[in-house]
Amino acid sequence: MMIIQVLLGGITRLTGSGLSITEWKPIMGALPPMNDQQWNEAFDKYKQIAQYKFLNSSFTLHDFKSIFFWEWFHRLWARLIGVAFIIPFIVFLIQGRFKRQMIRPMIILFLLGALQGLVGWVMVMSGLEDTDRLYVSHYKLAIHFILALGLICYTLWFALGLLISNEKLAENVSLKKFTGWLILVLVVQLIYGAFMAGLKAAAYAPTWPDINGSFFPHGGSPSGGVLQVFDNPLMVHFIHRNLAYLILILVIAWYIKSKKIQNSILFKKTSWLPLSITLLQIILGIFTVLNAANQKTLLWLGVAHQFVAMMLLLSLVFEFYLLSKRKN
């Protein structure tokens, strides 16, 4: 459900739907407008923000409904995740099904989920309050995205602790440390992926392997300073591409090192996953960039690119866990 939620967030972003709901109603917001009057009221509120005035002023009510759906469904799915968690949690707690050490991580998981909802609204507000901002802040988008991935990784880690027996662990300090650094580099790459999305940077250079005819991008602001690496779409694009190549090299090195580990059948059977997923992700990234001008193709390629990015992160977290030291 959480993976689907992240993908719904990607669809919401790529369809430009994120600012269509201008209010945060955690309970009553579960219901969409139910009649023409309520639809017109919601549309009138959307008309007050910069995105409508400067970008979507030609929108009809029908157009508005199409973007409203994705943002509403994204928020509804978040509520459903909360319900799917809290009801079984209470029932199983009353029935005494949990071990004592399981309860605190589950409460933390629920609180982190609630925090993610709040961060999502703060992100949306960044696109509502500014009189000339057409989209949400790419910084807040990145925070929202990374926190979502962190929540999924936390859930996976907790599950692995319940599912993976001690004898299945590979126990290798050196490769585990390497995996940790690799995950860190990947997190930086994921942040830049969110910057790419927030700045719509793919459309600035829909070419490959060059960037508009050259290796290093042209078009940066001379006065931009160090912030260009965060704010300039072409620089963000350049960094995102080259981080992908760096990650590929690191994952190849990781795979070669992993072949030396023979003390865990589970690790041996799954060590091919990071490299395979990385290769698929780079191919998807190339096709996403080349189709940046085609909105419909970009939508599904972009969502696929986001999904495979999650799978790469989760595969590395899985391998990181398997490399842990066995308990005595």
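For the structure, see preceding data.
Summary of the structure given here. (Residues numbered from 1 in each chain as written. Predicted model: local features only at pLDDT ≥ 70, side-chain atom pairs only at ≥ 80, totals over all residues. Heavy atoms only, no water.)

### Notes on the environment of L246
Looking at where L246 falls in the secondary structure, it is placed in helix α9 (residues 233–258). As for L246 and L182, which are separated by 64 residues in sequence, their C-alpha atoms are 10 Å apart. (Helix = DSSP H or I, 4+ residues; strand = E, 2+ residues; numbered from the N terminus.)

### A short note on the pattern of salt bridges
Throughout the structure, instances matching the rule amount to 4 salt bridges. Note that K45 and E23 form a salt bridge whose closest N and O atoms lie 2.9 Å from each other. With K45 in helix α2 (residues 36–46) and E23 in the loop between α1 (2–14) and α2, this pair connects stretches of sequence that are 22 residues apart. Taking relative accessible area as the criterion, K45 reaches 36% and is therefore assigned partly exposed. One salt bridge in this structure joins K47 and D44, with 3.9 Å as the shortest N-O distance. Residue D44 is classed as partly exposed on the basis of its relative accessible area of 39%. (Salt bridge = Lys/Arg side-chain N within 4 Å of Asp/Glu carboxyl O. Buried < 20%, exposed > 50% of the residue type's maximum accessible area, 1.4 Å probe, protein only.)

### Concerning the layout of surface pockets
Its boundaries defined by the atoms lining it, the second largest pocket holds a volume of some 460 Å³. As for the second largest pocket, its lining consists of 19 residues, of which E23, K25, L31, P33 and F68 are closest to the centre. Broken down by secondary-structure element, the contributors of at least two residues to the lining of the second largest pocket are α2 and α4 (61–95). Sorting elements by how many residues they give to the lining of the second largest pocket places α2 first, with 4 residues. Its residues assigned to classes, the lining of the second largest pocket comprises 9 nonpolar, 4 polar and 6 charged. (1 Å grid on protein atoms, 1.4 Å probe; cavity = no way out; pocket = protein on both sides within 12 Å on 5 of 7 lines; lining within 4 Å. Points joined across faces, edges and corners; volume = space filled by probe spheres on them. Nonpolar A, V, L, I, M, F, W, Y, C, P; charged D, E, K, R; others polar.)

### Examining the packing of helix α7 (residues 173–199) against helix α12 (residues 295–322)
Contact pair α7 / α12: the axes reach a minimum separation of 9 Å and the direction vectors enclose 160°. When the axis of α7 is compared with that of α12, the two are roughly antiparallel. Considering how the two elements wind past one another, α7 and α12 form a crossing that is left-handed. Between α7 and α12, the residues in contact are K176, T179, G180, L182, I183, L186 and L190 and A309, L312, L313, L316, V317 and F320, respectively. (Axes fitted to C-alpha atoms, helices over the stretch in contact; angles between N-to-C directions. Parallel < 35°, antiparallel > 145°, perpendicular 65-115°, else oblique. Left-handed = near helix turned anticlockwise from the far one by under 90°. Contact = heavy atoms within 4.5 Å.)

### Observations regarding the packing of aromatic side chains
One pass over the full model with this rule turns up 24 aromatic pairs. An aromatic cluster is present here, built from W39, F43, Y46, Y52, F64 and F68 joined pairwise through their rings. Lying across the ring of F43, K47 places its NZ or CZ 4.5 Å from the centre. Over the ring of Y135 we find K200; its NZ or CZ atom is 4.5 Å from the centre of that ring. (Phe/Tyr/Trp six-rings, centres within 6.5 Å; stacked < 30°, edge-to-face > 60°. Lys NZ or Arg CZ within 6 Å of the ring centre and 35° of its normal.)

### Side note on unusual backbone geometry
The step from W208 to P209 runs through a cis peptide bond, and the omega angle for that step is 10°. Checked against the element boundaries, P209 lands in the loop between α7 and α8 (228–231). Phi at K200 takes a positive value of approximately 55°, unusual for a residue other than glycine. Residue placement: K200 occurs in the loop between α7 and α8. Within the chain, N212 stands out as a residue other than glycine whose phi angle is a positive 55°. Structurally, the position occupied by N212 is in the loop between α7 and α8. Given a relative accessible area of 44%, N212 falls into the partly exposed group.

### Section: the nonpolar core
With 59 residues, the main nonpolar core has I164, L175, L186, L190, F267 and L313 as its most contacted residues. Counting residues per element, the ones that place at least two in this core are α1, α6 (138–163), α7, α9, α11 (273–290) and α12. With 15 residues, the top contributor of residues to this core is α12. Residues within four places of L313 in sequence aside, it is in contact with L149, C153, I183, L186 and L190. (Core = buried A, V, L, I, M, F, W, Y, C linked by side-chain atoms within 4.5 Å.)

None of this, on its own, says anything about what the molecule does.
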